[in-house]
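Architecture at a glance
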Protein chains: 2
Amino acid sequence: MDDQPRADRPRDDHSRADDPRRPRPRLRLEDLARRLGVSRTTVSNAFSRPDQLSAELRARVLDAARQAGYAGPNPVARMLRTGRAGAIGLVLPEPLPFALDDPTTSELIRGIADACEERRLGLLIEPGALRAADPRVIGDVAVDGFIAYSLPRSAAALQRLLAGTTPVVVIDEPRLPDVATVTIDDRAGARDAARHLVGLGHRRFGIVALPFQADGYDGLADAARVADPDYDVTAQRLAGYREALEEAGLDAAAVPIVECAHSDEGLGREAARLLLGGTEPPTAILAMSDRLALGVIAAAQELRVPVPASLSVVGFDDLAAASHSRPALTTVRQPLRLKGYAAARLLLETPGPTADGLDLPVELVVRRSSAAPR
Amino acid sequence: MDDQPRADRPRDDHSRADDPRRPRPRLRLEDLARRLGVSRTTVSNAFSRPDQLSAELRARVLDAARQAGYAGPNPVARMLRTGRAGAIGLVLPEPLPFALDDPTTSELIRGIADACEERRLGLLIEPGALRAADPRVIGDVAVDGFIAYSLPRSAAALQRLLAGTTPVVVIDEPRLPDVATVTIDDRAGARDAARHLVGLGHRRFGIVALPFQADGYDGLADAARVADPDYDVTAQRLAGYREALEEAGLDAAAVPIVECAHSDEGLGREAARLLLGGTEPPTAILAMSDRLALGVIAAAQELRVPVPASLSVVGFDDLAAASHSRPALTTVRQPLRLKGYAAARLLLETPGPTADGLDLPVELVVRRSSAAPR
DNA sequence: CTGCTGTTCTTGATCGATCCAGAAACCGCA
DNA sequence: TGCGGTTTCTGGATCGATCAAGAACAGCAG
């Protein structure tokens, strides 16, 4: 009788139990099976398919497993055989601490987590997809599907993901043909925001934009930067703004645009100072996110430009902070949490690869930060 | 020459590209090797050990891989063989949306993420470890190590983790022998907080506590609930409070304790109403977290009990919100982000299983919410 | 007793890679 | 030419499970 794990074909010689630094040799199904005098499959079934063996034998197996300190089938081996990983991957452009600080991203994660919770799946976060070096690691993990959030068109990590066979759902951007993408109607939302301001009588505008290119630039965006954007969301929102401005007979291309590298109050403040510092400052600023808009309001208050009396501000997102700010922010509401949830469901429900996406509606929410110009 | 994947033992015939719903048959190293007329190992080396083959052949292999749509070695198979997963697991007691809303937890996650970023590892979050059913799924994923955060002693999920061979580091609790645990000096911190109030001259106290038992109870905690606590952190902090009170000659066991099921402003408010509603209300309240303390301050303001004039409040954690509140909160600072970072480092650096833990210092931060009683 | 159905358990193949020992090719140099 | 020493490449074993097909045995009708 051998009671040792793998008495017949011992592991590599140097992994004897006498080296305390090495993890103790892992017990396998087979070792347990041998001790019990049953087959591997029987032990496997005891854990994974209770209907395949008698209740009594199953109890005996589980009991022996507990005694022997066998915690259950090795998840990696199971994955290899079954092809299921029990987790979905979330690929984020920025490092994780940044993502957690950003209310937009963390609300989105909540939505994804809702879906994971329903299905009892883990969520594997792979942040930092934008860092230049080492694109190798992204996508090199065991998951049943990837959600890629808000990557620039040029991101190498996304190419890697799409080249593989694991299903991928993209949220927001890039919008690629033949890739399932969950989006909102950015263009319509932006257009409604601009129309609202035009309707109030504004004629002099400024735009505080999300990045056009993934190069970390902050400052005035000239035609070249805007011409071939790396971020589709930015492009769509700009198109929406311009559409409304042109409807009103304005020269949309002449409206100054300040680009911010991130959606962040500090950068919004700087951008607003730039726009408000000119000789003919705008009476209305369109900001592509709420955080940027809140920065704009902060800058206006510092410069003693009353909002909305002398300056109207409209954001995008409708974060919780938008309704708490003073004045409360007029903005375009998007269903962030639902967006995450929908993406996860799309990923999990579609059996094979799909290109069918989902476009969620947005809604203009008028609050106190916008009014007719004096 | 055969150019088909696995020409010798073909996959299911119908899974050629003509059925768009099926995942296309995954190419293996071997298929690629056959096409190129080299061996599996050579192709493997081209991806994973560039020094093992000539640069020219490597280029040819990678080129052919790109052409064929081969995205690189299957991560699961690699894991099985190498035993490395490229990710660490974080086991949280609550569902993920809840964890993201909680500043304590999310700061901790940031710290863990810092370490993951350094090592280029993914972070696999397994939330909801406390839910009763289905303990099976926790720990049934491929990771190189687990961090378990703030679980009650009775949590079945933790037993499962410890039974396995994957290394585990526990943060905060439970404090078990032979398990590596990263803690703070909860008892000393609590003692300092209580000493501070005693030193100011307070004699009538109330305690707003974190849970003693994992049963969702809110309300006054009698001796029975306190006697055999399921949460070590709560027990330690209470011991610290009591130590300082007894030093001052007070009957610590007589100080009323209100237990809250979560660290949450709303529950802190309710708890404070309970404590302040009595005939001889306390002049000082010790709260085991900042969120609870902020709730206490909110309740005091609603009840027109001025803080700190008529009521002193001391929290625990030193969240950002503590210094922004009115009045700014006196509290015990703990290095949350460092705690997460340290746990991850401990997990990654220790080659085998360790029981060595780490105890991080805390520091009393006196602000405006505490003063001498009238 | 034979034949049939159904339960219970076992064997051999397989998932897709990496590792190891060794073969083949190539090198310089006596 | 012969020989040790590199460099480059190969095939078989292995990681630890699941799955499909089949064996052993039971109960039951004819």
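Residues numbered from 1 in each chain as written. Chains lettered and ligands numbered in written order. Predicted model: local features only at pLDDT ≥ 70, side-chain atom pairs only at ≥ 80, totals over all residues. Heavy atoms only, no water.

**Focus: the relation of the copies chain A and chain B**
When chain A is brought onto chain B, the operation consists of a screw motion whose angular component is 180 degrees and whose axial shift is 0.0 Å, with 0.1 Å RMSD remaining. Within this description, the copies of the chain are treated as partners about a two-fold rotation axis. The rotation axis passes nearest to the C-alpha of A:L124 in chain A, at a distance of 2.0 Å. Interface residue correspondence from chain A to chain B reaches 100%, placing this contact among same-surface, isologous pairings. (Least-squares fit on C-alpha atoms with pLDDT ≥ 70 in both. Contact = heavy atoms within 4.5 Å.)

**Description of the side chain of A:T283**
All names here are of chain A. Note that T283 resides in the loop between α11 (265-276) and β9 (284-287). There is a polar contact of 2.7 Å between the side chain of T283 and the side chain of H202. Here T283 is in contact with H202, R203, R204, S310, L311, S312 and P373, once residues within four sequence places are set aside. (Helix = DSSP H or I, 4+ residues; strand = E, 2+ residues; numbered from the N terminus. Polar contact = N/O pair within 3.5 Å; in protein donor to acceptor, adjacent residues only side chain to side chain.)

**Notes on the sheet that holds strand β8 (residues 257-259) of chain A**
All names here are of chain A. With respect to topology, 5 strands assemble into an open sheet ordered β7-β8-β6-β9-β10, the strand pairing being mixed. Here the strands that pair on one side only, and so sit at the sheet edges, are β7 (219-220) and β10 (312-314). Direction of pairing for β9 relative to β10: parallel, over a ladder of 3 bridges. Following the sheet pairing, A284 is matched in β10 by S312. Docked against the sheet, helix α10 (residues 232-247) engages β6 (205-209), β8 and β9, running at close to 170 degrees with respect to β6. The sheet contacts of α11 involve β6, β7, β8 and β9, and relative to β6 the element is tilted by about 155 degrees. (Pairing = 2+ DSSP bridges. Axes fitted to C-alpha atoms, helices over the stretch in contact; angles between N-to-C directions.)

**What about the interface of chain A and chain B?**
Opposite the 50 residues of chain A that make contact, chain B presents 52 residues. For the pair chain A and chain B, the summed buried surface comes to about 4,400 Å²; carbon and sulfur atoms form 57% of the total. Counting the contacts that link chain A with chain B gives 2 salt bridges. A salt bridge links A:D101 to B:R110, with the shortest nitrogen-to-oxygen separation between them at 2.4 Å. Run the count over chain A and chain B and you get 4 residue pairs in polar contact (both at pLDDT 80 or more). When residues of the side of chain A that touches chain B are traced back to their parent elements, those giving at least two are α4 (75-82), α5 (96-101), α6 (103-119), β2 (122-126) and α7 (156-163) of chain A. When the residues that make up the side of chain A that touches chain B are grouped by side-chain class, the tally is 27 nonpolar, 8 polar and 15 charged. Here 3 bridges tie β2(A) to strand β2 (residues 122-126) of chain B, and the two strands are oriented antiparallel to one another. (Buried area = accessible area lost by both parts, 1.4 Å probe. Salt bridge = Lys/Arg side-chain N within 4 Å of Asp/Glu carboxyl O. Nonpolar A, V, L, I, M, F, W, Y, C, P; charged D, E, K, R; others polar.)

**Regarding the side chain of B:E173**
Residue and element names in this part refer to chain B. Looking at the element boundaries, E173 is found in the loop between β4 (168-171) and β5 (180-184). In this structure, E173 is buried with no salt-bridge partner, the nearest side chain bearing the opposite charge being R175 at 6.4 Å. Among the polar contacts listed, one links the side chain of E173 to the backbone nitrogen of D232, at a separation of 2.9 Å. A distance of 2.8 Å separates the side chain of E173 from the backbone nitrogen of V233, its partner in a polar contact. (Buried < 20%, exposed > 50% of the residue type's maximum accessible area, 1.4 Å probe, protein only. Lys, Arg positive; Asp, Glu negative; His and termini not counted.)

**Some details on the domain arrangement of chain A**
What the domain assignment lists for chain A is domain 1 (23-54), domain 2 (87-183) and domain 3 (185-335). Taking the mean C-alpha position of each, domain 1 of chain A and domain 2 of chain A sit 36 Å from one another. (Domains from an automatic or database assignment.)

**Section: helix α14 (residues 336-349) of chain A**
Its 14 residues place the ends of α14(A) 20 Å apart at the C-alpha level, agreeing with the 20 Å of an ideal helix rising 1.5 Å per residue. When we look at burial in α14(A), the residues that qualify are A:L336, A:K339, A:G340, A:A342, A:A343, A:A344, A:L346 and A:L347. (Expected span 1.5 Å × (residues − 1).)

**Quick word on the pairing of strand β6 (residues 205-209) of chain B**
Residues and elements named next belong to chain B. Of all 5 residues that make up β6, 5 are buried, and the element is covered over most of its length. Both faces of β6 are covered, namely the face carrying F205, I207 and A209 and the face carrying G206 and V208. Across 4 bridges, β6 lies against strand β9 (residues 284-287) in parallel orientation. Across the sheet, residue G206 finds its bridge partner in β9, namely I285. For β6 and strand β8 (residues 257-259), the ladder comprises 3 bridges, and the chain directions are parallel. Residue pairing for β8: I207 is matched across the bridge by I257.

**What to know about the packing of aromatic side chains**
Residues and elements named next belong to chain A. Using the criterion set out here, one finds 2 aromatic pairs over all chains in the structure. Ring geometry for F47 versus Y70: centroids 5.6 Å apart, planes at 65 degrees, classification edge-to-face. Residue F47 is located in helix α2 (residues 40-48), and its partner Y70 is located in the loop between α3 (55-68) and α4; the two are separated by 23 residues in the primary sequence. Accessibility classification places F47 together with Y70 in one group, the buried group. Over the ring of F316 we find R237, and its NZ or CZ is 3.7 Å from the ring centre. (Phe/Tyr/Trp six-rings, centres within 6.5 Å; stacked < 30°, edge-to-face > 60°. Lys NZ or Arg CZ within 6 Å of the ring centre and 35° of its normal.)

**A closer look at α7(A)**
Residues and elements named next belong to chain A. All of the buried residues in α7 are A157, L158 and L161. Buried residues of α7, seen end-on, are gathered within an arc of 95 degrees and therefore sit on one face of the element. Contact partners of the buried residues in α7: β1 (87-91), β3 (146-149) and β4 (168-171). (Arc of directions from axis to C-beta.)

**A short note on the sheet that holds strand β12 (residues 358-360) of chain A**
Spatially, β12(A)-β5(A)-β4(A)-β3(A)-β1(A)-β2(A)-β2(B)-β1(B)-β3(B)-β4(B)-β5(B)-β12(B) is the arrangement adopted by the 12 strands of the open sheet, whose pairing is mixed. The outermost strands of the open sheet, each flanked by one partner alone, are β12 of chain A together with β12 (358-360) of chain B. Sheet twist, expressed as the average angle between the axes of neighbouring strands with direction ignored, equals 20 degrees.

**Some points on the packing of helix α1 (residues 29-36) of chain A against α3(A)**
Two quantities define a packed helix pair, namely the angle between the helix axes and the distance between the axes. Residues and elements named next belong to chain A. One way to put it is that α1 packs onto α3 with a least axis distance of 10 Å and a crossing angle of 115 degrees. In terms of axis orientation, α1 runs roughly perpendicular to α3. For the pair α1 and α3, the sense of crossing is right-handed. Residues L32, R35 and L36 of α1 pack against R60, V61, A64, A65 and A68 of α3. Its residues assigned to classes, the contact of α1 with α3 comprises 6 nonpolar, no polar and 2 charged. (Parallel < 35°, antiparallel > 145°, perpendicular 65-115°, else oblique. Left-handed = near helix turned anticlockwise from the far one by under 90°.)

**Some details on the confidence of the model for chain A**
Averaged over chain A, the pLDDT score is 89; the fraction of residues at 70 or greater is 90%. When the criterion is pLDDT under 50, residues 1-23 of chain A qualifies, and its contacts beyond four places in sequence or with other chains add up to 22 contacts. (pLDDT = per-residue confidence, 0-100.)

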